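Structural features, examined
The chain contents come next:
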Amino acid sequence: MSSSALRNSDATALLQRVARPEILAMSGYVSARMEAGAAEVILNANENPYAPQLDGVGDWQINRYPPPQPEQVLAQLAELYGVTSAQLLVTRGSDEGIDLLTRACCRAGVDKVVYCPPAFGMYAVSAGIQGALIDAIALTDDWQPDVDAIVAAQPKLVFLCHPNNPTGNLMQPHRLLALCQRLSEQTLVIVDEAYIEFAGVPSMATELRQHANLVILRTLSKAWGMAGLRCGAVLADAAIIQLLRKIMAPYPLSIASQALVAAALADAQQVIARAHITTLVQAREQLFADLTALQRRQPELLQTVWPSAGNFLLVQVADADKLVRTAADAGILLRNQSRQPGLHNCVRISIGTAAENRRLLAFMETFCQ
Ligand SMILES: Cc1ncc(COP(=O)(O)O)c(C=O)c1O
């Protein structure tokens, strides 16, 4: 038996314990587009043969339902993320990946989701909508996962963000792998890599071969500048992807999104996008240096500036409400993170263009006088 065959059977056995039994048992909706291939006369999906006459939509055929998992985008993303098409589900942003995993695995009032605040908010929201039990196990003082506490909680799903939003730090890979190892029998360890392109470290996707319970979330919303198109991906063992395909919306991505994502991932566009990533990382380091210098001059008003591996910085100030309000009055939107455990008076600042960052810095200099 080849090693990949062995791994698939591992994941299939794991899913018997992790997935909701009713989802395992059901066959899932088969749409007209899934059931039949191309033909000259398409009369199987109650579509309208007449499309709106719009400029700029080319041959998109927007009167037809789109392919549920567009082959070209699937192949482009699989190449970008270093996995096979069978290990990848194309989703409407990684928000949809979080939701699908939660719905596939958690029975209301029975199964548990662990997330580790301070963290991205959607893990708890999706778990709450599903009625799952929720265990918030805080990151340690140095913002790392508390491996023993998470293992002791015995969840169905654990969500970790690498680099973490909003703190900006990377999780130590050995801790993520220890979780995969110690929870290999009953838990999916979901590593959200929404910001990994800004971190200059390899994706944990290289570990998918070794760990059947590892799931990675990726998105085109951040480094690739396509938040408005809503496109992300779940990377996991093929058996897990098959399970999620059963419960995904029949046609997750519109034809317009599919066409624009495919165009934006063409080679020439990738060169441009990678240059933007470099620019944003340099701008992040510059803003970090400038804000740190300001912090040294005004330590009572600007108390901490943390380094970041994402496209944002986290700062702690004397009065976060006042900072966010005054910034909004000056035309600058910032995100108050004070409601997150351990982040009293903390504010998250996204990295913008050079001009936007200069304006932000000038505002901070004035605010901290
Ligand atoms: C850590 C993290 N994961 C996922 C998302 C959702 O991204 P998407 O636009 O792909 O749904 C965000 C968005 O801010 C995020 O910060």
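Note that the structure is a prediction, hence the values are computed from the model and not measured.

Looking at the site of the ligand
Around the ligand, a shell composed of Gly-93, Ser-94, Asp-95, Phe-120, Cys-161, Asn-165, Asp-192, Ala-194, Thr-219, Ser-221, Ala-227 and Gly-232 is seen. It is helix α5 (residues 93-105) that provides the largest number of residues to the shell around the ligand, a total of three residues.

Observations regarding the sheet that holds strand β11 (residues 346-350)
Taking strand neighbours across the sheet as the criterion, the four strands line up as β8-β9-β11-β10 in an open arrangement whose pairing is antiparallel. A single partner strand is all that each edge strand has here, and the edge strands are β8 (302-305) and β10 (335-336). Sheet strands in contact with helix α12 (residues 320-329) are β9 (312-317), β10 and β11, and its direction is about 35° off that of β11.

Side note on the nonpolar core
Within the largest apolar cluster, 98 residues are counted, with the highest numbers of intra-cluster contacts made by Val-189, Ile-190, Val-215 and Val-315. Apart from residues lying up to four places away in sequence, Val-215 is in contact with Leu-101, Leu-188, Val-189, Ile-190, Val-234, Ala-236 and Ile-240.

As for the domain arrangement of the protein chain
Split by domain assignment, the protein chain resolves into domain 1 (3-265) and domain 2 (269-367). Here domain 1 and domain 2 have C-alpha centroids that lie 30 Å from each other. Residue-level contacts link 21 residues of domain 1 with 22 residues of domain 2. Looking at the side of domain 1 that touches domain 2, its residues break down into 14 nonpolar, five polar and two charged.

Side note on the pairing of strand β7 (residues 232-235)
Because side chains alternate across β7, one face comprises the buried residues Gly-232 and Val-234, and the other comprises Ala-233 and Leu-235, equally buried. Relative to β7, strand β1 (residues 88-91) runs antiparallel, the two sharing four bridges. Its bridge partner lying in β7, Val-90 is registered against Ala-233.

What counts, and where the lines are drawn
Residues numbered from 1 in each chain as written. Predicted model: local features only at pLDDT ≥ 70, side-chain atom pairs only at ≥ 80, totals over all residues. Near = placed C-beta within 6 Å. Helix = DSSP H or I, 4+ residues; strand = E, 2+ residues; numbered from the N terminus. Pairing = 2+ DSSP bridges. Contact = placed C-beta atoms within 7 Å. Axes fitted to C-alpha atoms, helices over the stretch in contact; angles between N-to-C directions. Core = buried A, V, L, I, M, F, W, Y, C linked by C-beta atoms within 7 Å. Buried ≥ 20, exposed ≤ 12 C-beta atoms within 10 Å, placed from the backbone. Domains from an automatic or database assignment. Nonpolar A, V, L, I, M, F, W, Y, C, P; charged D, E, K, R; others polar.

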